[in-house]
There are 2 protein chains.
Amino acid sequence: MADETLFQLLHTEVVAAAYGGGRGSGDEGQRTGLTVLEGMGFRVGQGLAERLPRGALVFREELDTIKFLCRDLWGAVFRKQTDNLRTNHQGTYILQDDNFPFLTQMAWGQQYLEEAPKFLAFTCGLLRGTLSALGIESSVTASVASLPVCKFQVVIQKA
Amino acid sequence: MADETLFQLLHTEVVAAAYGGGRGSGDEGQRTGLTVLEGMGFRVGQGLAERLPRGALVFREELDTIKFLCRDLWGAVFRKQTDNLRTNHQGTYILQDDNFPFLTQMAWGQQYLEEAPKFLAFTCGLLRGTLSALGIESSVTASVASLPVCKFQVVIQKA
């Protein structure tokens, strides 16, 4: 049994539910759906981080925390690491996944590009929630130029 | 990172969402919430079963299929097997989990027993959906006599 697909299947259902039943139509519904998904991701990220052994929570530098997301968080959720990490060394980080699992299913049709945001909102929240539990407030957005490549931009909120 | 908790955290969010935002209040809302969760479980179960290698889908006897649920499905979803399986040899099966993960969090308070059904609906659907994809139509209900022990009753629909 391919148990790594379990999370993906449930995520698909979650996205469908967030946009189902008359919700998610129109710009207002779109925003509500994204907010709901982002919030769910945030709380799941918090929960994951809170279950870490205490030692793992102490990172010397901000970059170490971001690397933890790329390696450990991505590993736990997607069974791989991100493919690239860039930073401007001023609190902005770009995490790139060249084959983002939640987008793989739709990669055959570029015409579905406008559908992509609903498959990214949960993960934006997941990153933000994990960072929040690690003591770092941030804003996270995602962009897709070409399916299934996805970039998550993390901007650290300076205290 | 405890990645087996990922699915559980997301399930918790799904339950909360099914009952959130004014939905899920009153008997009608309760039923709607349960139906939504059961439907999500059904489709996830179907998806899991459809991703199985073809060979695994051929079971000689009904009981083999049920044992597959107890061992492989439970293994993939909950990282363990069910603790007990009973049957009346007439198409009714009782799958018992003595420490059902979705109930573990609330096991300390028997006063929350009435909250239990919302944490069982998804898994009822999961069983029904997996069986459906394996060619067996069924109805699945769950009952809790004492937290966190849970019994799932599978009744096979005879053709």
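Throughout what follows, the structure given in this document is the object of discussion. What you see is a predicted model, and the numbers here were worked out from it, not measured in a lab. (Residues numbered from 1 in each chain as written. Chains lettered and ligands numbered in written order. Predicted model: local features only at pLDDT ≥ 70, side-chain atom pairs only at ≥ 80, totals over all residues. Heavy atoms only, no water.)

Some thoughts on the overall build of chain A
- Looking only at helices and strands, chain A features five helices and four strands.
- Helices and strands appear in chain A in the N-to-C order α-α-α-β-β-α-α-β-β.
- Counting all 159 residues of chain A, 48% fall into the buried class.
- Long-range contacts, defined here as pairs at least 24 residues apart, represent 58% of the contacts in chain A between residues at least 6 apart.
- For chain A, the computed accessible surface area is about 7700 Å², with 49% contributed by carbon and sulfur atoms. (Helix = DSSP H or I, 4+ residues; strand = E, 2+ residues; numbered from the N terminus. Buried < 20%, exposed > 50% of the residue type's maximum accessible area, 1.4 Å probe, protein only. Contact = heavy atoms within 4.5 Å. Areas by Shrake-Rupley, 256 points an atom, 1.4 Å probe, with all protein chains shown as cover.)

A word on the sheet that holds strand β2 (residues 92–97) of chain B
Residues and elements named next belong to chain B.
- With antiparallel pairing, four strands are arranged side by side in an open sheet as β1-β2-β4-β3. Single-partner strands in this sheet number two, and they are β1 (84–87) and β3 (138–143). Ignoring strand direction, the axes of neighbouring strands in this sheet form an average angle of 20°.
- Sheet analysis places β3 next to strand β4 (residues 150–156), joined by six bridges and oriented antiparallel. Its bridge partner lying in β4, A142 is registered against F152. (Pairing = 2+ DSSP bridges. Axes fitted to C-alpha atoms, helices over the stretch in contact; angles between N-to-C directions.)

Considering the interface of chain A and chain B
- Between chain A and chain B, the contact holds 28 residues from the first and 28 residues from the second.
- Here chain A and chain B share an interface that buries about 2700 Å² over both sides, 77% of which is from carbon and sulfur atoms.
- Put simply, R43 of chain A and E13 of chain B hold a salt bridge, and the shortest N to O gap is 2.8 Å.
- Applying the counting rule to chain A against chain B returns two residue pairs in polar contact (both at pLDDT 80 or more).
- Of all the elements in the fold, those that place two or more residues in the side of chain A that touches chain B are α1 (4–19), α2 (26–50) and α3 (62–78) of chain A.
- If one sorts the elements of the side of chain A that touches chain B by residue count, α1 of chain A sits on top with nine residues.
- By residue class, the composition of the side of chain A that touches chain B is 17 nonpolar, four polar and seven charged. (Buried area = accessible area lost by both parts, 1.4 Å probe. Salt bridge = Lys/Arg side-chain N within 4 Å of Asp/Glu carboxyl O. Polar contact = N/O pair within 3.5 Å; in protein donor to acceptor, adjacent residues only side chain to side chain. Nonpolar A, V, L, I, M, F, W, Y, C, P; charged D, E, K, R; others polar.)

Things to note about the nonpolar core
- Counting residues in each nonpolar core, the largest one holds 92 residues, and the members touching the most others are L103 of chain A together with L103 of chain B.
- Apart from the residues within four sequence positions on either side, L103 of chain A is in contact with A116, F119, L120, V144, L147, P148 and C150 of chain A. (Core = buried A, V, L, I, M, F, W, Y, C linked by side-chain atoms within 4.5 Å.)

Some details on the side chain of T123 of chain A
Residue and element names in this part refer to chain A.
- Inspection of the secondary structure puts T123 in helix α5 (residues 121–133).
- Here T123 falls in the buried class, since its relative accessible area comes to 0%.
- The residues touching T123, leaving out its near neighbours within four places in the chain, are W74, F78, F100, F102 and F152.

A word on the relation of the copies chain A and chain B
- Each copy superposes on the other: chain A lies on chain B with an RMSD of 0.0 Å after a rotation of 180° and an axial shift of 0.0 Å. What the superposition gives is, in effect, a two-fold axis relating one chain to the other. Across chain A, the rotation axis passes nearest the C-alpha of F7 of chain A, at a separation of 3.0 Å.
- The share of interface residues of chain A whose copies in chain B are also at the interface is 100%, consistent with both copies meeting through the same surface. (Least-squares fit on C-alpha atoms with pLDDT ≥ 70 in both.)

Considerations on the packing of aromatic side chains
Residues and elements named next belong to chain A.
- Per the counting criterion, the structure on display carries 18 aromatic pairs over all chains.
- With a centroid separation of 5.2 Å and an interplanar angle of 65°, the aromatic rings of F78 and F100 are classed as edge-to-face. Linking F78 in helix α3 with F100 in the loop between β2 (92–97) and α4 (101–104), this pair joins segments that are 22 residues apart in sequence. In this pair, the class of F78 matches that of F100, namely buried.
- Members of the aromatic cluster, each reached through a chain of ring pairs, are F7, W74, F78, F100, F102, F122 and F152.
- Of note, K118 hangs over the ring of Y19, and the distance from its end group to the ring centre comes to 4.3 Å. (Phe/Tyr/Trp six-rings, centres within 6.5 Å; stacked < 30°, edge-to-face > 60°. Lys NZ or Arg CZ within 6 Å of the ring centre and 35° of its normal.)

Remarks on unusual backbone geometry
All names here are of chain A.
- In this chain, L147 is followed by P148 through a cis amide linkage whose omega measures -5°.
- Within the secondary structure layout, P148 lies in the loop between β3 (138–143) and β4 (150–156).
- Backbone geometry at R79 places phi at a positive 60°, although glycine is not the residue there.
- As for its position among the elements, R79 is in the loop between α3 and β1 (84–87).
- Judged by its relative accessible area of 40%, R79 is partly exposed.

Considering the environment of T104 of chain B
All names here are of chain B.
- You can see T104 is positioned in helix α4 (residues 101–104).
- Sequence separation between T104 and V140 is 36 residues, and the spatial gap between their C-alpha atoms is 21 Å.
- Non-local contacts of T104, meaning those with residues more than four positions away in its chain, are made with N99 and P148.
- At a separation of 3.0 Å, a polar atom in the side chain of T104 contacts the main-chain carbonyl oxygen of F100.

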